[in-house]
There are 2 protein chains.
Amino acid sequence: MAGKPTRERILEAALDRFGTAGIDSTSLDDIARGVGVAKQTLLYWFPSKEELVVAVLQRVADELVVEVGAAVRGAPHGFARVEAAVTAVFRPAVRRPALLGLVRELNRLSPELADAVVSRMRPLVDLAVAYLEGEMDAGRLRRADARLLMAFAYSTVVGVATEPVALRAVGWEPGVASLRKLRAELLAFLRAALAA
Amino acid sequence: MAGKPTRERILEAALDRFGTAGIDSTSLDDIARGVGVAKQTLLYWFPSKEELVVAVLQRVADELVVEVGAAVRGAPHGFARVEAAVTAVFRPAVRRPALLGLVRELNRLSPELADAVVSRMRPLVDLAVAYLEGEMDAGRLRRADARLLMAFAYSTVVGVATEPVALRAVGWEPGVASLRKLRAELLAFLRAALAA
DNA sequence: AGGTTTCTCTACCAATTGGTAGAGGATGCC
DNA sequence: GGCATCCTCTACCAATTGGTAGAGAAACCT
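Residues numbered from 1 in each chain as written. Chains lettered and ligands numbered in written order. Predicted model: local features only at pLDDT ≥ 70, side-chain atom pairs only at ≥ 80, totals over all residues.

Below, the discussion takes up the overall build of chain A. Along its length, chain A carries 10 helices and zero strands. What you see in chain A, going N to C, is helices and strands ordered as α-α-α-α-α-α-α-α-α-α. Projected onto its principal axes, the C-alpha positions of chain A cover 60 × 35 × 30 Å. Looking at the 196 residues of chain A, the share that counts as buried comes to 37%. (Helix = DSSP H or I, 4+ residues; strand = E, 2+ residues; numbered from the N terminus. Buried ≥ 20, exposed ≤ 12 C-beta atoms within 10 Å, placed from the backbone.)

Dropping the structure here:
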């Protein structure tokens with residue numbers, strides 16, 4: 001019950017539950033119980049469930065943009081940048097599975113809300129697309145529609161990170177060693193998919 | 001109302017809603033209203049919501065196994081088989097977006113239920129993995145962990161088919177022509193990712 | 001001290017949830 | 001006709017949903 005202010009703890013608990021169980025399936029009581037506080041305390045900080053959802057989404061979007069953006073900008077040119085981006089997405093995904101799960105919830109939201117969140121990530125998307133196009137021009141990457149390529153890479157990485165059932169279906173079991181292998185194979189997959 | 005028996009119509013309406021809005025977010029009243037029948041009629045045919053869920057899932061799994069299986073078996077060897085599989089997944093996905101959406105819901109289900117569904121698709125998975133390994137041995141495909149490769153390809157295809165927001169985020173707009181292009185680029189992506 | 005703001009609470013509400021009980025209306029079989 | 005089976009219905013239920021109203025404690029400002 002300590003340290004972080006109530007509002008912060010609500011946001012974190014909401015993120016976890018929204019991202020794993022889904023937004024609709026998560027009740028305010030659920031979250032309140034998780035925080036150890038009465039439901040009305042939630043409704044004091046966020047006047048309605050929707051406002052809580054918006055706050056959580058914005059925070060996740062901003063966090064991802066900052067983390068991935070920093071990782072990408074800090075990496076040298078070439079495939080190392082893709083590698084840095086994938087790692088930057090993977091690390092938080094392993095630490096908090098709910099994070100990417102929440103990104104997927106966007107598809108269930110009203111278009112306006114989804115667009116509002118997406119627009120916050122747009123700079124990062126544009127940066128990535130520009131990078132891909134630059135590499136194509138330099139002949140280091142297979143020539144293709146850079147925007148679609150971006151969507152495919154996103155889909156592959158986020159899918160792998162958020163679909164444990166699919167991984168189990170092919171006999172993959174979680175674990176530190178196998179997780180490392182998963183990341184290595186995933187990078188090899190992307191490298192092959194992108195290489196000229 | 002119409003030709004098909006009530007039970008059938010319930011299953012179809014349930015599939016659509018479960019797949020798009022999610023299982024938890026879909027009430028029996030929703031489905032009943034969609035079918036044009038009283039909620040208790042649903043509960044006559046399926047004694048509880050869970051049994052309805054199970055019935056819908058099994059039907060989807062079986063349908064996918066049959067359709068994809070037929071497409072794959074009918075295609076010549078080589079990358080054409082992958083192409084056939086992707087097309088077989090894409091066609092129903094376009095016709096009924098709920099179908100693949102429901103597959104994704106598996107991650108929210110109890111492990112037992114998810115495993116039950118997955119086990120129905122296992123033969124298809126094994127077939128695909130065996131194919132990939134055969135092609136690797138023949139030197140036509142990049143050598144890699146065939147099972148993970150399978151998961152990646154699945155993740156990419158299903159992700160693209162079920163995440164309209166991600167596609168819109170990169171500026172893609174739905175339409176017949178752009179859909180054709182999407183499929184072509186997706187196949188090129190997979191071909192590059194798999195090729196030796 | 002007195003008032004204001006900040007924060008959390010108990011008590012309550014209408015609507016919706018999955019589900020039960022049981023009443024009919026068909027339809028076919030004898 | 002009588003009877004049973006199949007099918008759909010109205011009426012109801014307890015639990016849970018998001019949300020309102022307002023009380024009370026604590027801290028800050030003057």
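Residue and element names in this part refer to chain B. Packing of helix α1 (residues 6-21) against helix α6 (residues 98-105) brings their axes to within 7 Å, and their N-to-C directions diverge by 65°. Every pair of crossing elements has a handedness; the one defined by α1 and α6 is left-handed. Between α1, through L15, D16, F18, G19 and T20, and α6, the contact on the second element is made entirely by A98, L99, G101, L102 and E105. Here the residues of the contact of α1 with α6 are counted per class, giving five nonpolar, three polar and two charged. (Axes fitted to C-alpha atoms, helices over the stretch in contact; angles between N-to-C directions. Left-handed = near helix turned anticlockwise from the far one by under 90°. Contact = placed C-beta atoms within 7 Å. Nonpolar A, V, L, I, M, F, W, Y, C, P; charged D, E, K, R; others polar.)

Another aspect to go through is the protein's contact with DNA strand D. Close to DNA strand D lie 13 residues, the nearest being S27(A), T6(B), A38(B), Q40(B) and Y44(B). Mapped onto the surface near DNA strand D, the elements with two or more residues apiece are α2 (28-35) and α3 (39-45) of chain A together with α3 (39-45) of chain B. When residues in the surface near DNA strand D are grouped by element, the largest group, three residues, is from α3(B). The class makeup of the residues in the surface near DNA strand D is five nonpolar, six polar and two charged. (Near = placed C-beta within 6 Å.)

Turning our attention to the relation of the copies chain A and chain B. Of the transformation superimposing chain A on chain B, the axial component is 0.0 Å and the angular component is 180°, with the fit at an RMSD of 0.0 Å. These values place the two chain copies in the arrangement generated by a two-fold rotation axis. (Least-squares fit on C-alpha atoms with pLDDT ≥ 70 in both.)

Our focus in this paragraph is the interface of chain A and chain B. Contacts between chain A and chain B engage 42 residues on the former and 43 residues on the latter. Looking at the side of chain A that touches chain B, the elements that each hand over two or more residues are α7 (111-137), α8 (146-162), α9 (164-169) and α10 (176-194) of chain A. With 12 residues, α8(A) is the largest single contributor of residues to the side of chain A that touches chain B. Classifying every residue of the side of chain A that touches chain B by side-chain character gives 28 nonpolar, seven polar and seven charged.

Our focus in this paragraph is the packing of α8(A) against helix α8 (residues 146-162) of chain B. α8(B) packs onto α8(A) with a crossing angle of 115° between their chain directions and a minimal axis gap of 8 Å. Like other packed secondary-structure pairs, α8(A) and α8(B) cross with a definite hand, here right-handed. Contacts between α8(A) and α8(B) involve A151(A), F152(A), S155(A), T156(A), V158(A), G159(A) and V160(A) on the former and, on the latter, A151(B), F152(B), S155(B), T156(B), V158(B), G159(B) and V160(B). Considered class by class, the residues forming the contact of α8(A) with α8(B) number eight nonpolar, six polar and no charged.

All names here are of chain B. Among the eight residues in α6, eight count as buried, and that is most of the element. Along α6, the positions that sit buried rather than exposed are A98, L99, L100, G101, L102, V103, R104 and E105. Where α6 is buried, its residues meet α1, α4 (49-74), α5 (79-95) and α8.

You can see L109(A) is positioned in the loop between α6 (98-105) and α7. For L109(A), a count of 18 C-beta atoms within 10 Å corresponds to the partly exposed category.

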